[in-house]
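# Observations on chain architecture
Listed here are the chains, written in short residue letters.
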Amino acid sequence: MSVGTIPGLLRAHATERPDATFCTFVANATSQTISFADLERASRAYAEAYRRRGVGRGDVVLVMLKHSPHLFYAYLGAMLVGAIPSFMPFPTPKQRSDLFWNDHRALFEVIQPRLIVSYDENLRAAAAALGDALAPTLCADDALLREELPTGWFGDAVGEGEVVCLQHSSGTTGLKKGVMLTNRAIVGEVSAYARRLGFGAEDSIASWLPLYHDMGFVACFMTSVVLGTHLVALDPFEWVMRPTMLLDAIETHRSTFAWLPNFAFSHIVAHARGDRRWDLSSLRALINCSEPCKAHTFDRFAARFATSGITPEQLHVCYAMAENVFAVTQSELGGGVRRIDADPIAFSRGRVRQAEPGERAVALLSCGTAIEGVRVEIRDESGKVVPERAVGDIYVGGSFLFDGYYRRPELTAERLRDGWYRTGDRGFVAAGELFVTGRVDDMLIVNGRNYYAHEVEAIASEVAGVVPGRVVAIGIEDERADATAIVVLVEVRADAESALVTRAVRVAVLEALGLAVQSVSALEPGRLIKTTSGKISREKNRALYLQGSLR
Amino acid sequence: MTEAEVLARVRAVMIETFRLTDDAVVTRATTSLDVDGWDSLSHALLIMNVEEAFGTELPLERTYELADVGELVDLLRDAVARTDVR
């Protein structure tokens, strides 16, 4: 069945409804309106710039830009010429740019980018760090948009089954994997998810999300391009400082949907001081995604914004991943999200039993049922499907799966077998609804970004004064911020000054990963607990830390 | 307001925002690396709290990249001076 191509859909919107607004782009307290005709023209300008540089079919184009409409144009322009674009994060002010770029060396060797689109300052730093190892670059400049364009259209060449982009959203740079997505998978998932949500031509999205993350890229940007709907795009950096600007945007533009990770709900509540109200009555759903979703976060959000028109029925949950384009499951709109108060003892043994009223319980939030075209299975370690309410590994199959990791066949074979993707998440199904309970590996999700404990440990281990290898990075719940925080436990050599070492560990992790660890505990040599096999145990040391004995 | 007065008030807001002990040492040279839990989200909370404490609004673009407490103190003194003139 033909689903249409992304360039074809872009052209159709620009031809049939040229003046319809694709995006209200908000930056520095000013708004710019981008119509579908504007979007198409500017994307073609990029396509022309690529063609002149010999960039075409199958070439990887990395788009590494701050909040700017050029993000959309550079990306779609690459799709128009049959190239394979990928959004990539740019260095944050706290990251050291030489470390940032050196960290990209290994990734570039694998993916061999044909062109990097970025801004001047970033490209200068890249050239200084990488020299000849850097791919050709293109500076995103408004002058590029003003050039004369040939009249011919060249977006028709892309086949529906072709890989049209890479998603590099998981892990820090050295471990990044390029998730290959076909045109058919993207358009198919966006359409199926829209049907599930009842998302129609009148709906619109408000977003502060960065586009290098699948939630910003697919749920917001691709949805608006494929369906021809309105997107309000806020600057992620501005949003962090003034999170209630999302509510301002929803009120002003009468937006009907927004996707946000769990921490964002709490961040907004923390900044909504006094009894200020917003008119949020246009909202059909605020969808919690990309981090473990918590019942108490929803309760606090609903309580704070009840006078703004928010009801618990508008707060929803989605389970999503780039390897399935985006949504796997979604809670049913129209009602509240199902919750299970699980007996903690049974739960710790991998079984889910409803706690008796008044008993201590673990509150679990449903992620809903699979969207059309997607299948979910829970399996045990041997690969056998387990019964309902038994915790196991989550596998995803169906029509929207990725085509593998770009130029990483061994990694692809590990995770993608017989049409099923092993997600690395743990969970269970109850009455057909998926509940996600944790991770198989050491991935830690901090403010919507994924980090691996072993990466943080490797960086800390290199710091002078730390006993090499005697380091543990753990994730703890920061109840006040309602977010996961990283704590690093390090054994410090007897001849080193603890205060200097702990500070140096913070600096090293921040400069290398852009990650602010919440605290660093300096311990005497020998304090960290090993497993019977001689490895340092994250789990046991985490338990000791939480008891207060490793601080 | 003198620099010392601004610093003292910023210190009080930091103690509240980051739940520091009452004897926490905060100087102009203090940075996010010296304070447990000072990340980009709590930084936003700190800025909102100092704005409330000083009854002023800081220019958004200047608040992202403050290198240390000293720069925050200078930014606040400028903002308070502007507010007084108005």
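Calculation notes
Starting afresh in each chain, residues are numbered from 1 along the sequence in its written order. Just so you know, chain letters begin at A and ligand numbers begin at 1, following the order they were written in. Residues qualify for local features only when their pLDDT is at least 70, as the model is predicted, and side-chain atom pairs are given and counted only at 80 or more; totals for whole chains, interfaces and linings, by contrast, use all residues. Note that the side-chain values use all heavy atoms of the structure and ignore hydrogens as well as water. Numbering of helices and strands runs from the N terminus; a helix is a DSSP stretch of H or I covering at least four residues, while a strand is a stretch of E covering at least two. Between the two quantities, the radius of gyration covers C-alpha atoms and the globule rule is 2.2 Å times the number of residues to the power 0.38. A 1.4 Å probe rolled over the protein chains alone gives each residue an accessible area, and that area as a share of the maximum for its type sets the label: buried under 20%, exposed over 50%, partly exposed in between. Should any heavy atoms of two residues lie within 4.5 Å, those residues are considered in contact. All accessibility values rest on the Shrake-Rupley procedure with a 1.4 Å probe; residue burial counts only the protein chains present in the view. Under the counting rule used here, the positive set is Lys and Arg, the negative set is Asp and Glu, and His together with the chain ends is not counted. Where a charge lies is defined by one atom per residue type, namely NZ (Lys), CZ (Arg), CG (Asp) and CD (Glu). When DSSP finds two or more bridges between a pair of strands, those strands are recorded as paired. Cysteine sulfur atoms that pair up within 2.5 Å are treated as a disulfide. Buried area: the accessible surface (1.4 Å probe) lost by two parts on joining, summed over both. The rule for a salt bridge is simple: a side-chain nitrogen of Lys or Arg has to be within 4 Å of a carboxyl oxygen of Asp or Glu. In protein, a polar contact means a hydrogen-donor-capable atom and an acceptor-capable atom, both N or O and within 3.5 Å, with residues adjacent in sequence counting only if both atoms are side-chain atoms; elsewhere, any N or O pair within 3.5 Å suffices. As a working rule, the residues Ala, Val, Leu, Ile, Met, Phe, Trp, Tyr, Cys and Pro are called nonpolar, Asp, Glu, Lys and Arg charged, and the rest polar, with Gly in that last group. Structural elements are reduced to axes, namely lines fitted to C-alpha atoms, with helices fitted over the stretch in contact, and the angle between N-to-C directions of any two is expressed from 0 to 180 degrees. Per the annotation, domain bounds derive from an automatic or database assignment of domains. Throughout this description, the term nonpolar core refers to a set of buried Ala, Val, Leu, Ile, Met, Phe, Trp, Tyr and Cys residues connected via side-chain atoms within 4.5 Å. We call two directions roughly parallel when the angle between them is under 35 degrees, roughly antiparallel when it is over 145, roughly perpendicular when it lies between 65 and 115, and oblique otherwise.

### Some details on the overall build of chain B
Secondary structure summary: chain B contains four helices and zero strands in total. Of the regular secondary structure in chain B, the N- to C-terminal order runs α-α-α-α. The C-alpha atoms of chain B give 12 Å as radius of gyration, which agrees with the globular expectation for 86 residues (12 Å, within 12%). Overall, the C-alpha framework of chain B stretches about 35 × 25 × 20 Å when taken along its three principal axes. The burial tally for chain B puts 47% of its 86 residues in the buried class. At a minimum sequence separation of 6, the contacts of chain B that also span at least 24 residues come to 53%. Total accessible area computed for chain B in this model is approximately 4,500 Å², and 49% of it derives from carbon and sulfur atoms. The distance from the centre of the 8 positive side-chain charges to the centre of the 18 negative ones in chain B is 5 Å.

### Let's talk about the pairing of strand β7 (residues 163-167) of chain A
On a regular strand, one side chain projects to one face of the sheet and the next to the other, so that they alternate. Residue and element names in this part refer to chain A. Among the five residues of β7, five are classified as buried, and the element is accordingly described as predominantly covered. Across four bridges, β7 lies against strand β8 (residues 179-182) in antiparallel orientation. Within the sheet, the bridge partner assigned to Gln167 lies in β8 and is Val179.

### Observations concerning the state of the cysteines
Here the structure, examined in full by the defined rule, presents zero disulfides over all chains. The cysteine Cys289 of chain A is free of any disulfide, with Cys318 of chain A supplying the nearest cysteine sulfur at 4.0 Å.

### Structural notes on the interface of chain B and chain A
Facing the 30 residues of chain B at the interface are 21 residues of chain A. Between chain B and chain A, the buried area comes to about 2,200 Å², and carbon and sulfur atoms account for 56% of it. On the chain B side of the interface with chain A, the three residues burying the most area are Leu33, Leu41 and Tyr64 of chain B, jointly 31% of the side's total. For the interface between chain B and chain A, the tally reads six salt bridges. Counting across the interface, chain B meets chain A through twelve residue pairs in polar contact (both at pLDDT 80 or more). Secondary structure elements with two or more residues in the side of chain B that touches chain A: α1 (3-17), α2 (40-54) and α3 (60-63) of chain B. If one sorts the elements of the side of chain B that touches chain A by residue count, α2 of chain B sits on top with ten residues. Within the side of chain B that touches chain A, the residues separate by chemical class into 13 nonpolar, eight polar and nine charged.

### So, the sheet that holds strand β25 (residues 466-478) of chain A
Residue and element names in this part refer to chain A. Taking strand neighbours across the sheet as the criterion, the three strands line up as β25-β26-β27 in an open arrangement whose pairing is mixed. Since the sheet does not close on itself, it has two edges, and those belong to β25 and β27 (519-523), each with one partner. The mean angle between the axes of side-by-side strands here comes to 25°, regardless of whether they run parallel or antiparallel. As paired strands, strand β26 (residues 483-492) and β27 are joined by five bridges and run parallel to one another. Within β27, the position partnered with Val487 by the bridge is Ser519. Here helix α16 (residues 538-547) sits on the sheet in contact with β25, β26 and β27, set at roughly 60° to β25.

### Points about the domain arrangement of chain A
For chain A, the assigned domains read domain 1 (6-237), domain 2 (316-439) and domain 3 (443-547). Spacing between the C-alpha centres of domain 2 of chain A and domain 3 of chain A amounts to 29 Å.

### Digging into unusual backbone geometry
Residues and elements named next belong to chain A. Of note in the backbone geometry, Gln112 takes a positive phi value of approximately 45° without being a glycine. Within the element layout of this structure, Gln112 appears in the loop between α4 (97-111) and β5 (115-118). The phi angle at Ala431 is positive, at roughly 50°, despite the residue not being glycine. In this fold, Ala431 is placed in the loop between β21 (420-430) and β22 (433-439).

### Quick look at the nonpolar core
Residues and elements named next belong to chain A. One finds Tyr50, Phe72, Phe221, Trp259 and Phe326 to be the most contacted residues of the largest nonpolar core, which totals 160 residues. When residues of this core are assigned to domains, at least three fall in each of domain 1 (6-237) and domain 2 (316-439). Dropping the residues within four chain positions of it, Phe221 is found in contact with Phe22, Phe72, Tyr75, Leu76, Phe87, Leu211, Gly216 and Leu231. Judged by nonpolar contacts, the second largest core, of 23 residues, contains Tyr451, Ala473, Val505 and Val520.

### Comments concerning the packing of helix α1 (residues 6-16) of chain A against helix α6 (residues 183-197) of chain A
Residue and element names in this part refer to chain A. Where α1 meets α6, the axes come as close as 10 Å, and the angle between the chain directions of the two elements is 55°. Viewed along their axes, α1 and α6 adopt a mutual orientation that is oblique. From α1, Ile6, Pro7 and Leu9 reach across to α6, where they touch Asn183, Ile186 and Val187. By residue class, the composition of the contact of α1 with α6 is five nonpolar, one polar and no charged.

### A few points about the sheet that holds strand β6 (residues 137-139) of chain A
Residue and element names in this part refer to chain A. On the basis of which strands lie adjacent, the open sheet formed by four strands has the order β4-β3-β5-β6 and parallel pairing. Whereas interior strands pair on both sides, the edge strands pair on one side only; in this sheet they are β4 (84-87) and β6. The average angle at which neighbouring strand axes cross in this sheet is 20°, direction not considered. Two strands pair when backbone bridges link them, and strand β3 (residues 60-64) and β5 are joined in this way by four bridges, in the parallel orientation. Note on β5: the bridge partner recorded for Met64 is Ser118. Strands in contact with helix α3 (residues 70-80) are β3, β4 and β5; relative to β4, the strand with the most contacts, it is inclined by about 155°. Along the sheet face, α4 touches β3 and β5 and points at about 155° away from the line of β3.

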